[in-house]
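# Overview (structure and organization)
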Amino acid sequence: MNQIRNIVILTGAGVSAESGIDTFRDAGGLWEQHRVEDVATPEAFARDPELVLRFYDMRREAIQTKQPNAAHHALARLDAEWRGELLIVTQNVDDLHERAGATRVLHMHGEHLNAWCTACDERSPWTGPLLDRPACPECGVAALRPDVVWFGEMPYRMEEIFAALREADLFVSIGTSGAVYPAAGFVRNARELGAATLELNLEPSQGSSWFDESRHGPATEVVPAWVDELLTRK
Ligand code: APR
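Residues numbered from 1 in each chain as written. Predicted model: local features only at pLDDT ≥ 70, side-chain atom pairs only at ≥ 80, totals over all residues. Heavy atoms only, no water.

## Some thoughts on the pattern of salt bridges
With the rule as written, the count across this model stands at 15 salt bridges. Note that E37 is salt-bridged to R35, the shortest N-O span being 3.4 Å. Between R47 and D38 there is a salt bridge, and its shortest N-O distance comes to 3.9 Å. Because the salt bridges share partners, they merge into one network encompassing R35, E37, D38 and R47. (Salt bridge = Lys/Arg side-chain N within 4 Å of Asp/Glu carboxyl O.)

What follows is the structure in structure tokens.
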């Protein structure tokens, strides 16, 4: 890994697993208890808004009781100390990267702690429930929904992500199954754009063979070890 200046890191549910936040597709994961199409699609929200709002209210409440783990802290340290470009693109809707101190974070699947007004299109910081249909702080209309990208919706800020991938010398994927596009395709984009690619995951992901190098183990072990190595090589 010589001559690295610009880094793009993609994180998924595996980076927050050891903070006690369910992943989606592992045994006992979130989607084993809920059908995706019942809670995470615009159609589900139109059909049964109370079910969807209750589900996200529980998730929003739960994440506020969780703490960043050693993987989040290691990435925050890398963010603070890395002099080149760095972008942490997260699929996670929790705020644990930020609470660990990372600043160069992009939430491509939205954020639990935001509410999105479908009347005026504004996003507002939100920590409480949405089930009781509160009014939007901006326009006063009761049309708030979770600011989470559902299946069938466009992920956020794709142009910025591709601009960063174009400049990247190194692409690192951490704690993601490689099951959900477009994020699952970033490794191939990065390779084609000339970046070295590294996977850090508990086990080989679906796209594991696309990476130049894979290291397997819990994020709280493999991520701090990799960050130490990178900052020492600098
Ligand atoms: N350390 C590292 N990796 C882990 C750990 C851990 N402690 N625990 C689990 N993993 C790995 C799993 O092996 C799996 O490959 O994290 C990955 C989690 O995969 P998913 O549950 O599919 O989560 P993710 O890839 O983030 O899902 C992508 O799908 O449901 C949508 O929008 C949702 O953002 C989410 C997207």
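## Considerations on the nonpolar core
If you look at the biggest cluster of nonpolar residues, it comprises 27 residues, and the most contacted ones within it are I7, I9, L75, L78, V172, V223 and W226. Secondary-structure elements contributing two or more residues to this core are β1 (7-11), α5 (70-81), β2 (86-90), β7 (170-174), β8 (196-201) and α9 (219-233). Broken down by element, the residue count for this core peaks at seven residues, all from α9. Leave out the neighbours within four places in its chain, and V172 touches I7, V8, I9, L10, L198, L200 and W226. (Core = buried A, V, L, I, M, F, W, Y, C linked by side-chain atoms within 4.5 Å. Buried < 20%, exposed > 50% of the residue type's maximum accessible area, 1.4 Å probe, protein only. Helix = DSSP H or I, 4+ residues; strand = E, 2+ residues; numbered from the N terminus. Contact = heavy atoms within 4.5 Å.)

## Observations regarding the UniProt feature "binding site: substrate" (unreviewed entry) in the protein
In this numbering, the UniProt entry assigns the feature "binding site: substrate" (unreviewed entry) to Y56 and R59. The annotated residues named above include R59 as those lining the second largest pocket. Looking at Y56, the relative accessible area reads 4%, which means it is buried. Residues contacting Y56, with those up to four places away along its chain left out, are V39, A40, H112, P146, V148 and W150. Along the polypeptide, R59 turns up in helix α4 (residues 49-63). Ignoring any residue separated from it by four or fewer positions in sequence, one finds R59 in contact with I21, D22, L30 and H112. (UniProt positions renumbered as here; feature names shortened; annotations may be inferred. 1 Å grid on protein atoms, 1.4 Å probe; cavity = no way out; pocket = protein on both sides within 12 Å on 5 of 7 lines; lining within 4 Å.)

## Brief notes about empty space enclosed by the protein
The final tally for this structure, using the stated rule, is one cavity of 30 Å³ or more. What the largest cavity holds in volume is close to 90 Å³. Forming the walls of the largest cavity are 14 residues, and the residues nearest its centre are S173, T176, G178, A184 and F211. Elements represented by at least two residues in the lining of the largest cavity include exactly β7 and α8 (186-192). Tallied by class, residues from the lining of the largest cavity come to seven nonpolar, six polar and one charged. (Points joined across faces, edges and corners; volume = space filled by probe spheres on them. Nonpolar A, V, L, I, M, F, W, Y, C, P; charged D, E, K, R; others polar.)

## Looking at the site of the ligand
With respect to spatial proximity, 23 residues lie near the ligand, and among them A13, F24, R25, T176 and S177 are the closest. With respect to the ligand, the side chain of E18 contributes an N or O atom lying 2.9 Å from a nitrogen atom. The side chain of E203 places a nitrogen or oxygen atom 3.0 Å from an oxygen atom of the ligand. Protein chains shield 94% of the accessible area of the ligand, which is 740 Å² for the free molecule. Broken down by class, the residue content of the shell around the ligand amounts to nine nonpolar, ten polar and four charged. When residues are assigned to domains, the shell around the ligand turns out to be shared by domain 1 (1-20 + 68-109 + 155-234) and domain 2 (22-65 + 111-148), each giving three or more. (Near = heavy atom within 4 Å. Polar contact = N/O pair within 3.5 Å; in protein donor to acceptor, adjacent residues only side chain to side chain. Areas by Shrake-Rupley, 256 points an atom, 1.4 Å probe, with all protein chains shown as cover. Domains from an automatic or database assignment.)

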